[in-house]
Amino acid sequence: MKGKTIVITSGKGGVGKTTTTANIGAGLALRGHRVVVLDTDIGLRNLDVVMGLENRIVYDLVDVIEERCKLSQSMIRDKHLPELYLIPAAQTRDKNCINSEQLTDLCRKLEQEFDYIIIDCPAGIEQGFRNAIGPAQEAIIVTTPEVSALRDADRVIGLLEASELHRPRLIINRIRPGMVKRGDMLDKDDIVDLLAVDILGMVPADDRLITATNQGIPVIHDKKAPSGQAFSRITARIDGDDVPLMDLEPKGGLMDRVRYLMGINRSEYTHA
Amino acid sequence: MLNKLRRPRSREGVGSSPDGSRSIARERLHNALNRDRYDLMAPEVVEALRRDLLNVISRHLDVEDQFHELEIQRMDGAFYLVASVRVSSLPRWAAVS
Ligand SMILES: Nc1ncnc2c1ncn2[C@@H]1O[C@H](COP(=O)(O)OP(=O)(O)O)[C@@H](O)[C@H]1O
Ligand SMILES: [Mg+2]
C-alpha cells in the first residue's frame, strides 16, 4: 500500500488552511480511508484545537523528528473517526528547527501505512512553506475571493510549479453568494480567468462553521452546514469522484432573504 | 454642494461601479498579477523565448543569431514584448502579383 501526501497552502494567512486541512482529513476518513493530518505550523499550532484534540497532546512533530518518541506515540487518534490521526506541531520551537528532508522521510514512512497524509502549511513563503511542500505529491491552495489573497495565491502557484508540484488546485473559501450576485465580490470565472488555475471547490462563508469550530468539531460532521457540504464534495473530488462544480446561490426562502437584508446572514448560501 | 457630498453614496459612487466593486477588484487584481509576474520573471524564460523566436524567424528570414534587443517593457501600466534582430540579408520575395 502506498499513500499520497497532499499539502494545503495559501501564502496569505487566515484564509482557511487549517480549517480545510481538518475537514479534508475528516472527509477522507469518513470515506473509509486511513488518514494522518500533519500540522507543520511550528510555533503557531492550531490544527489540534480546530479538531478538538488539544488536551491529548503528549508528543509533537519535532519530538518525532528528533527521535524523542516513536512515530506511533506522536499520533493522536481523532475523537470521532478511528482511522484519522493528528501529528501536532511543536509550540515551543520555530520553523527552522526541522528541514524538508526530515519531513519528507517522515511522510514516506507514513505513506506505507496510510492512504492520505494531509499537511497543514504555515502562512508565508519562507522555510516553513518550503518544509511543508517538500514531501507533497499534490498541492491544494486555499484563498478567499479578495485581491490580496488571490495575489498571494498566484505567487504560491509559481513557487509550487518551480518545485515540480504541477497543476495545484484552488479552493475558494468564504464566498458570499449574495455579494457575488450583487456584483460586489470576485466570482469563480474571474479567478479562473486571471489565475489560470483549476478549481477544486468553493466554500461559502458560514456561521455554522464557526459554531462547529468553537466546539472543536470539523464542520463536515454537520450535515446541515453549507460549508460542510462543500467540504464533502471537495473531499470526493480529491478522492477521484467526478462531482460537478455548482455555483453557490443565495438561499431562496423569504425568511432567509429578510434575515440576509437585516444582516443576519446565517444562511447566505446553498451548494458549492 | 450637498449634491456633491452625497454623490459618492449614490449608485455611481466609489464602491458601486455599474456592476459593483467586483469589476474594480478584477482590474486591480489583473494589474497586481501582471506587475508581480513581470518582477519575478526568470532569466530562463527570456532565454527560452529567445531560442524559440530565433527558430521561427529564421524560417522566414536570414537573421543574426543574437537579438539586438529582447525584453518585456512596461509602459503606462501595460506590457510590451520588444524585440529587434538584425537581418543579415533579405531573401528574394516571391513576386507580388
Ligand atoms: N468558510 C468559512 N466561514 C466562516 N469562517 C471561516 C471559514 N473558513 C475559515 N473561517 C474562519 O477563519 C479563521 C481563519 O481560518 P484558519 O483555517 O485558521 O486559516 P489559516 O489556517 O489559513 O490561517 C478561523 O477563525 C476560521 O474559523
Ligand atoms: Mg493555520
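Preceding block: the structure.
Note that the structure is predicted; figures quoted are calculated from it, not measured. For every chain, the first residue of its written sequence is number 1, and the numbers climb from 1 along that sequence. Chain letters start at A and ligand numbers start at 1, both assigned in the order the entries are written. Only residues with pLDDT of 70 or above have their local features reported here, since the model is predicted, and side-chain atom pairs are shown and tallied only from 80 upward, although totals for entire chains, interfaces and linings are computed over all residues. Derived side-chain values reflect all non-hydrogen atoms in the structure, with water molecules and hydrogen atoms excluded from consideration.

Caption draft 1: Spotlight on the overall build of chain B. The helix and strand tally for chain B stands at 3 helices and 2 strands. Helices and strands in chain B line up, N terminus first, as α-α-α-β-β. In chain B, which comprises 97 residues, the proportion classed as buried is 13%. By definition in these notes, contact holds between two residues if any of their heavy atoms fall within 4.5 Å. For chain B, long-range pairs separated by at least 24 residues make up 34% of all intrachain contacts whose partners lie at least 6 apart in sequence. Helix and strand assignments follow DSSP, with helices taken as H or I runs no shorter than four residues and strands as E runs no shorter than two, numbered in order from the N terminus. Burial classes: relative accessible area under 20% of the type maximum marks a residue as buried, over 50% as exposed, and values in between as partly exposed (1.4 Å probe, protein chains only).

Caption draft 2: A look at the overall build of chain A. Helix and strand content of chain A: 12 helices and 8 strands. Each principal axis of the C-alpha distribution contributes one length, and for chain A these read about 60 × 40 × 35 Å. Every one of the 272 residues in chain A was classed for burial, and the buried ones make up 56%. For chain A, long-range pairs separated by at least 24 residues make up 75% of all intrachain contacts whose partners lie at least 6 apart in sequence. A total of about 11,600 Å² of accessible surface is found on chain A, and carbon and sulfur atoms cover 48% of it. Charged side chains of chain A number 35 positive and 40 negative; the gap between the two group centres comes to 5 Å. The method behind every accessible area is Shrake-Rupley, applied with a 1.4 Å probe, and residues are considered shielded solely by the protein chains displayed. None of His or the chain ends enter the tally, which takes Lys and Arg as positive and Asp and Glu as negative. To locate a charge, take atom NZ for lysine, CZ for arginine, CG for aspartate or CD for glutamate.

Caption draft 3: Highlighting the nonpolar core. Residues and elements named next belong to chain A. Grouped together as the largest cluster of nonpolar side chains are 52 residues, with contacts concentrated most on L38, L61 and L195. Per-element tally for this core: the top contributor is helix α7 (residues 147–162), with 7 residues. Only buried Ala, Val, Leu, Ile, Met, Phe, Trp, Tyr and Cys residues count toward a nonpolar core, and they belong to the same one when joined by side-chain atoms within 4.5 Å. Counting 36 residues, the second-largest nonpolar core is a separate cluster that includes A22, A26, V203 and V219.

Caption draft 4: Summary view of the interface of chain B and chain A. Listed per partner, the contact involves 15 residues of chain B and 15 residues of chain A. The term buried area denotes the loss of accessible surface (1.4 Å probe radius) that occurs when two parts are joined, taken as the sum for both partners. Note on chain B versus chain A: buried area summed over both sides is about 1,400 Å², and carbon and sulfur give 54% of it. For chain B, the biggest contributors to the area lost against chain A are B:R22, B:R26 and B:L29; these three give 43% of the whole. The working definition used for a salt bridge is a side-chain nitrogen of Lys or Arg within 4 Å of a carboxyl oxygen of Asp or Glu. On the surface where chain B and chain A come into contact, there are 6 salt bridges. Between A:D190 and B:R22 there is a salt bridge; the shortest N-O distance is 2.7 Å. The definition of a polar contact used here is a pair of N or O atoms within 3.5 Å, where within protein one atom must be able to donate a hydrogen and the other to accept one, and adjacent residues in sequence count solely through side-chain atom pairs. If you look at where chain B meets chain A, you find 9 residue pairs in polar contact (both at pLDDT 80 or more). Gly is put with the polar residues, along with every residue not named as nonpolar or charged; the nonpolar set is Ala, Val, Leu, Ile, Met, Phe, Trp, Tyr, Cys and Pro, and the charged set is Asp, Glu, Lys and Arg. Within the side of chain B that touches chain A, the residues separate by chemical class into 5 nonpolar, 4 polar and 6 charged.

Caption draft 5: Layout of the site of ligand 1. Residues and elements named next belong to chain A. Here a residue is near a molecule or strand as soon as one of its heavy atoms is found within 4 Å of it. For ligand 1, the set of nearby residues contains 15 residues, the closest of which are G14, K17, T18, T19 and N173. Within the backbone of G16, one N or O atom sits 3.0 Å away from an oxygen atom of ligand 1. D206 is positioned with one of its backbone polar atoms (N or O) 2.9 Å from a nitrogen atom of ligand 1. Here ligand 1, which alone exposes 560 Å², has 80% of that area covered by the protein. Those elements that place two or more of their residues in the shell around ligand 1 are α1 (17–30), β7 (169–175), β8 (198–204) and α10 (207–214). If one sorts the elements of the shell around ligand 1 by residue count, α1 sits on top with 3 residues. A breakdown of the residues in the shell around ligand 1 according to their chemical character gives 6 nonpolar, 6 polar and 3 charged.

Caption draft 6: Up close: a nonpolar patch on the surface. To count toward a patch, a residue needs a relative accessible area above 30% and no salt bridge. Like charges then connect within 9 Å, nonpolar side chains (Val, Leu, Ile, Met, Phe, Trp, Tyr) within 5 Å. On the surface, a cluster of nonpolar side chains totalling about 330 Å² of accessible area is made up of B:V87, B:L90 and B:W93. Structurally, B:W93 is set in the segment after β2 (78–89).

Caption draft 7: Focus on the pairing of β2(B). Residues and elements named next belong to chain B. When DSSP locates at least two bridges between a pair of strands, those strands are taken to pair. In the sheet, strand β1 (residues 62–75) pairs with β2 via 10 bridges, with the strands oriented antiparallel. Paired with I72 across the two strands is L81, which belongs to β2. Connecting β1 to the antiparallel partner β2 that follows it, the hairpin turn spans 2 residues, and D76 within it adopts a positive phi of roughly 50°.

Caption draft 8: Region of the structure containing α7(A). The span you would expect from a helix comes to 1.5 Å times its residue count less one. With 16 residues, α7(A) extends 23 Å from end C-alpha to end C-alpha; this agrees with the ideal 22 Å at 1.5 Å per step. Listed in full, the buried residues belonging to α7(A) are A:V147, A:A149, A:L150, A:A153, A:D154, A:V156, A:I157, A:L159 and A:L160. The inward-facing, buried residues of α7(A) abut β1 (4–9), α6 (127–133), β6 (138–143), β7 and α9 (188–195) of chain A together with α2 (22–39) of chain B. Phi turns positive one or two residues past the end of α7(A), at A:E164, with a value near 65°.

Caption draft 9: Highlighting the pattern of salt bridges. Under the definition given, this model contains 24 salt bridges over all chains. With a closest N to O distance of 2.7 Å, A:R31 and A:D239 form a salt bridge. Residue A:R31 is found in the loop between α1 and β2 (35–39), and its partner A:D239 is found in the loop between α11 (226–238) and α12 (254–261); the two are separated by 208 residues along the sequence. A relative accessible area of 35% means that A:R31 is categorised as partly exposed. One continuous salt-bridge network, built from bridges that share partners, spans A:D187, A:D190, A:D193, B:R22 and B:R26.

Just distances and angles here, no functional claims.
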